[in-house]
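A closer look at the structure
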Amino acid sequence: DVKVTQSSRYLVKRTGEKVFLECVQDMDHENMFWYRQDPGLGLRLIYFSYDVKMKEKGDIPEGYSVSREKKERFSLILESASTNQTSMYLCASRKQGRSYEQYFGPGTRLTVT
Amino acid sequence: AQSVTQPDIHITVSEGASLELRCNYSYGATPYLFWYVQSPGQGLQLLLKYFSGDTLVQGIKGFEAEFKRSQSSFNLRKPSVHWSDAAEYFCAVGSGGATNKLIFGTGTLLAVQP
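Residues numbered from 1 in each chain as written. Chains lettered and ligands numbered in written order. Predicted model: local features only at pLDDT ≥ 70, side-chain atom pairs only at ≥ 80, totals over all residues. Heavy atoms only, no water.

**Some remarks on the overall build of chain A**
Selection criterion: What counts as a helix is a DSSP run of H or I of at least four residues, what counts as a strand is a run of E of at least two, and both are numbered from the N terminus. Relative accessibility thresholds used throughout: buried, under 20% of the residue-type maximum; exposed, over 50%; partly exposed, between the two (1.4 Å probe, protein chains only). Pairs of residues are marked as contacts when any of their non-hydrogen atoms sit within 4.5 Å. Areas reported here follow the Shrake-Rupley algorithm with a probe of radius 1.4 Å; residue values treat only the protein chains shown as occluding. Under the convention used here, Asp and Glu are negative, Lys and Arg are positive, and both His and the chain ends fall outside the count. Lys charges are placed at NZ, Arg charges at CZ, Asp charges at CG and Glu charges at CD.
The secondary structure content of chain A amounts to 0 helices and 11 strands. Reading the secondary structure of chain A in the N-to-C direction produces β-β-β-β-β-β-β-β-β-β-β. Each of the three principal axes of chain A carries a C-alpha extent, and together these read 40 × 30 × 25 Å. The buried share of chain A, reckoned over its 113 residues, is 50%. In chain A, of all internal contacts separated by at least 6 residues, the share reaching a separation of at least 24 is 56%. Counting only carbon and sulfur atoms, one obtains 48% of the accessible surface of chain A, whose full area is about 5,500 Å². Looking at chain A, you have 18 positive and 15 negative side-chain charges, and the mean spots of the two groups are 3 Å apart.

**Remarks on the overall build of chain B**
Filter applied, for reference: Here the radius of gyration uses the C-alpha set of atoms, whereas the globule reference equals 2.2 Å times the residue count to the power 0.38.
The number of helices and strands found in chain B is 0 helices and 12 strands. Sequence-ordered secondary structure for chain B, helices as α and strands as β, is β-β-β-β-β-β-β-β-β-β-β-β. Scaling as 2.2 N^0.38, a compact globule of 114 residues should have a C-alpha radius of gyration of about 13 Å, and chain B matches this with 14 Å. Every one of the 114 residues in chain B was classed for burial, and the buried ones make up 47%.

**Structural notes on the pattern of salt bridges**
Between side chains of opposite charge, pairing is possible as soon as their charged atoms come close. Note the threshold: By salt bridge we mean one thing: a side-chain nitrogen of Lys or Arg within 4 Å of a carboxyl oxygen of Asp or Glu.
Following the criterion strictly, the structure yields 11 salt bridges over all chains and no others. With a shortest N-O distance of 2.4 Å, K53 of chain A and E69 of chain A are connected by a salt bridge. Of the two residues, K53 of chain A sits in the loop between β5 (42-51) and β6 (54-57) while E69 of chain A sits in strand β7 (residues 65-70), which places them 16 residues apart along the sequence. The two residues K53 of chain A and E69 of chain A agree in class, both being exposed. Notably, a salt bridge pairs D85 of chain B with K78 of chain B, separated by 2.8 Å at the nearest N-O pair. Residue classification places D85 of chain B among the buried positions, given a relative accessible area of 4%. Each of R36, D38 and R44 of chain A takes part in one network of salt bridges that share partners.

**Notes on the interface of chain B and chain A**
Filter applied, for reference: Once two parts are put together, the accessible area they lose, assessed with a 1.4 Å probe and summed over both, is termed the buried area. Any pair of N or O atoms that falls within 3.5 Å is considered a polar contact. Within protein, one atom must be able to donate a hydrogen and the other to accept it, and sequence-neighbouring residues count only if both atoms are side-chain atoms.
The interface of chain B with chain A comprises 23 residues on the first partner and 24 residues on the second. Contact between chain B and chain A buries roughly 1,800 Å² in total, counting both sides, with carbon and sulfur atoms accounting for 55%. At the junction of chain B with chain A, the criterion picks out 1 salt bridge. Applying the counting criterion to the chain B and chain A interface returns 4 residue pairs in polar contact (both at pLDDT 80 or more).

**Topic: the pairing of β7 of chain A**
Residue and element names in this part refer to chain A. Stated precisely, the cut-off is as follows: Strands are labelled as partners when DSSP assigns at least two bridges between them.
When β7 meets strand β8 (residues 73-78), the two strands line up antiparallel, connected through 4 bridges. Residue K70 lies in a different strand from β8, and its bridge partner there is R73. Count of turn residues in the β7/β8 antiparallel hairpin: 2 residues.

Distances and angles like these do not, on their own, reveal function.
Rendered as structure tokens:
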């Protein structure tokens, strides 16, 4: 069965802290994505990776960076967390190719105080 | 640029009633279209997808959607709603290409009255 896991369901951090959100998939998928979800805004793409060590900016990359050293793991990094980064963060993965859907993890609810 | 509009932010239906959630998209070529559902506190689950072929697509949990190119719409339907269908529903269009990034609508929150 397809599985995408995220390291934490809930996370509370202080302003200025460095924050790591981890995502792991067990499906050997090439593509991985990080979104943030905010009420009334839907899901917005932060970064995606189409293969190991490959990454591209999404629509809202400011304040974030990513790392993909292994195929199964995609990390989202907040270098210096700010209160406006309080949000739900969703990771997804998919097989490379036009006709494949994305599979989502359960999400991490991050609160920055 | 591609975009997706879900005009209904919040919908309430009675259990057993029929449901239609609206989705309009803007895309230059033949779109790849998706409906996802998100139960409270959960990630997104794929309900159904359209790539080509038959414009009426069947999905999981008794849902279906119809692609209408002339109206740029991909509305989600269910003939009889169950209380467990209460959730948020997202329509998305794929941007094309090998990674086929998704552009999501803002979602429709469905409440089901007993």
